[in-house]
Amino acid sequence: MQFTTAESGGKTVQGGQVPAVMAGEADLTIGGPMVMMKNYQEQGPELLCFAAAVSANPWFLAAGKTDDDFSLTSLRGKRVIDVGNVGTATLSFNWLLRQHRLESEVELIAGCGDEAADFAAVSRGDADYALHSMHALAPFIVRGDISAVTSLAPLCGDIPWSAYIARRDVMAAKQAAFSAFTAAMAEAQQWLQTHSAQALADRVQPWYQDYPKAALVTGLDAYLKANVFAASPLIAREDFDRFARLLTEAGWLSPAIPVPFAALVETSLAARANPSQE
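These remarks concern the structure in this document. Fair warning: this is a prediction, and the values are worked out from it, not measured in the lab. (Residues numbered from 1 in each chain as written. Predicted model: local features only at pLDDT ≥ 70, side-chain atom pairs only at ≥ 80, totals over all residues. Heavy atoms only, no water.)

Digging into the packing of helix α4 (residues 115-124) against helix α5 (residues 134-142)
Put simply, the test is: Axis definition: a line fit to C-alpha positions, over the contact stretch in the case of helices; interaxial angles, taken between N-to-C directions, run 0 to 180 degrees. Secondary structure is summarised from DSSP: a helix means a run of H or I of at least four residues, a strand means a run of E of at least two, and numbering begins at the N terminus for each. Orientation categories follow fixed angle ranges, with anything under 35 degrees roughly parallel, anything over 145 roughly antiparallel, 65 to 115 roughly perpendicular, and all other angles oblique. With the far helix as reference, a near helix turned anticlockwise by less than a right angle produces a left-handed crossing, and one turned clockwise produces a right-handed crossing. Contacts are assigned to residue pairs that have any heavy atoms within 4.5 Å of one another.
As a packed pair, α4 and α5 sit with axes 11 Å apart at the nearest point and diverge in direction by 55°. By the angle class used here, α4 and α5 are oblique. Considering how the two elements wind past one another, α4 and α5 form a crossing that is right-handed. Where α4 approaches α5, its residues Glu 115, Ala 116 and Phe 119 are matched on the opposing element by Ala 136, Leu 137 and Phe 140.

This is the structure we're talking about:
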């Protein structure tokens, strides 16, 4: 297997890593099914999700101090810095605010492009909360600059946030390789279910040598407790449909063009890798 990277994750169907798969420059990628759904509505190349990776919203809210009594209503009248400015996360957070009728009562501020400066503003009290992924927050949490107050995973429900994506014709041509890859993902996911954040950090630290070990353990522990990592490669129809509804209500998808699970998700490889979930 050969790895390649994109300059960014991209915020549109045309940006980030997915175009390499569309053009045949890569056989598969990890990305957001939201991009697949949009691609379908725009009649783009035929892409499929075939293995779940992240099965819940991995974004968290952090504040300058701990708040054990936090709820979404705590945001009323507050300022939240959207530090990452990542499309899926921003859409989902705005959707949550609308669900709780808070959209006009929370000031959502775009991050300045300097994560440390944004977190420092929250630590000083110039803003009330920071919105970002735990792997971005964790180094500042372990330093004592900020504290996580809630995961957005349970608030949004189970949704296929990230999955492995490929073109249908490439999957058909390389079926054995895709089957082996999915089985390997299933094995790794099963391992995650029975090991601690410390054990996981020990395994992955060689690839994150410049990332503080304490932050790695803290971040992974938060993700494991929030059930962010998919328990198996299988993408459930109800989770896919829940995400499609969220993205439609958030304005990313057109309500005029349904996004059918059967046309966008390949389940046979995942089912074979986890026979008990067929």
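Observations concerning the sheet that holds strand β2 (residues 47-54)
So the rule is basically this: Strands pair, by our definition, only if DSSP identifies at least two bridges between them.
Strands sit in the order β1-β8-β2 across an open sheet of 3 strands; the sheet is antiparallel. Single-partner strands in this sheet number two, and they are β1 (28-31) and β2. Across the sheet, the mean angle separating the axes of adjacent strands is 25° when strand polarity is ignored. Bridge count for β1 against strand β8 (residues 162-167) is 4 bridges, and the pairing is antiparallel. Among the inter-strand pairings, Leu 28 is bridged to a residue of β8, identified as Ala 166. Packing of helix α2 (residues 33-41) onto the sheet brings it into contact with β1, β2 and β8, and relative to β2 it is tilted by some 160°. Against the sheet, helix α8 (residues 175-192) touches β1, β2 and β8, its axis set at about 20° to β2.

Things to note about the nonpolar core
Heads up, the condition is: The term nonpolar core refers to a set of buried residues drawn from Ala, Val, Leu, Ile, Met, Phe, Trp, Tyr and Cys, joined through side-chain atoms within 4.5 Å. Burial classes: relative accessible area under 20% of the type maximum marks a residue as buried, over 50% as exposed, and values in between as partly exposed (1.4 Å probe, protein chains only).
Ranked by internal contacts, the top residues of the largest apolar core, which has 80 residues, are Met 37, Leu 61, Leu 75 and Leu 247. Contacts of Leu 247, omitting those with residues within four sequence positions, involve Met 34, Met 37, Leu 91, Trp 252 and Leu 253. Counting residues in hydrophobic clusters, the runner-up holds 11 residues, among them Leu 48, Ala 51, Met 171 and Leu 269.

Side note on the pattern of salt bridges
For clarity, the cut-off: Just to be clear on terms, a salt bridge is a Lys or Arg side-chain nitrogen sitting within 4 Å of an Asp or Glu carboxyl oxygen.
In this structure the tally under the stated criterion is 10 salt bridges. Salt-bridge contacts for Lys 213 lead to Asp 202; the nearest nitrogen and oxygen are separated by 2.8 Å. Placement of Lys 213 in helix α10 (residues 213-225) and of Asp 202 in helix α9 (residues 197-204) is noted, with a sequence separation of 11 residues between them. A salt bridge links Asp 239 to Arg 242, with the nearest nitrogen and oxygen atoms 3.0 Å apart. Of this pair, Asp 239 and Arg 242 are both found in helix α11 (residues 237-249), 3 residues apart, which corresponds to roughly one turn of the helix. On the accessibility criterion, Asp 239 (16% relative accessible area) is buried.

Considering the environment of Ala 226
Tracing the sequence through the fold places Ala 226 in the loop between α10 and α11. For the pair Ala 226 and Pro 154, spaced 72 residues apart in the sequence, the C-alpha separation amounts to 7.3 Å. Excluding its chain neighbours within four sequence positions, the residues that come into contact with Ala 226 are Phe 60, Ser 151 and Ala 153.

Quick notes on the pairing of strand β3 (residues 59-63)
Of all 5 residues that make up β3, 5 are buried, and the element is covered over most of its length. Neither face of β3 is open: one carries Trp 59, Leu 61 and Ala 63, the other Phe 60 and Ala 62, and all of them are buried. Pairing analysis gives 5 bridges linking β3 to strand β6 (residues 129-133), with the strands arranged antiparallel. What sits directly across from Trp 59, in β6, is Ser 133. One ladder, built from 4 bridges, connects β3 with strand β7 (residues 147-151); its direction is antiparallel. Bridge assignment links Ala 62 to a residue of β7, and that residue is Ala 148.

As for the side chain of Thr 29
Along the chain, the position of Thr 29 falls in strand β1. By relative accessible area, which is 12% here, Thr 29 ends up buried.

Looking at α11
Short version of the rule: Take the number of residues in a helix, subtract one, and multiply by 1.5 Å to get its expected span. This arc is taken over the directions from the axis of the helix to the C-beta atoms.
Counted at 1.5 Å a residue, the expected span for α11 with its 13 residues is 18 Å, and the 18 Å between its end C-alpha atoms agrees. Buried within α11 are the following residues: Asp 239, Phe 240, Phe 243, Ala 244, Leu 246 and Leu 247. Along α11, the residues classed as buried sweep out an arc of 160° about the axis, all on the same side. Those residues of α11 that are buried are in contact with α2, α3 (87-99), α6 (153-156) and α12 (261-264). Residue Gly 251 follows α11 closely and has a positive phi angle near 95°.

So, the side chain of Thr 88
Along the chain, the position of Thr 88 falls in helix α3. Judged by its relative accessible area of 12%, Thr 88 falls in the buried class. Other than its neighbours up to four places away in sequence, Thr 88 contacts Met 34, Trp 161 and Phe 243.

Keep in mind these values describe shape, not function.
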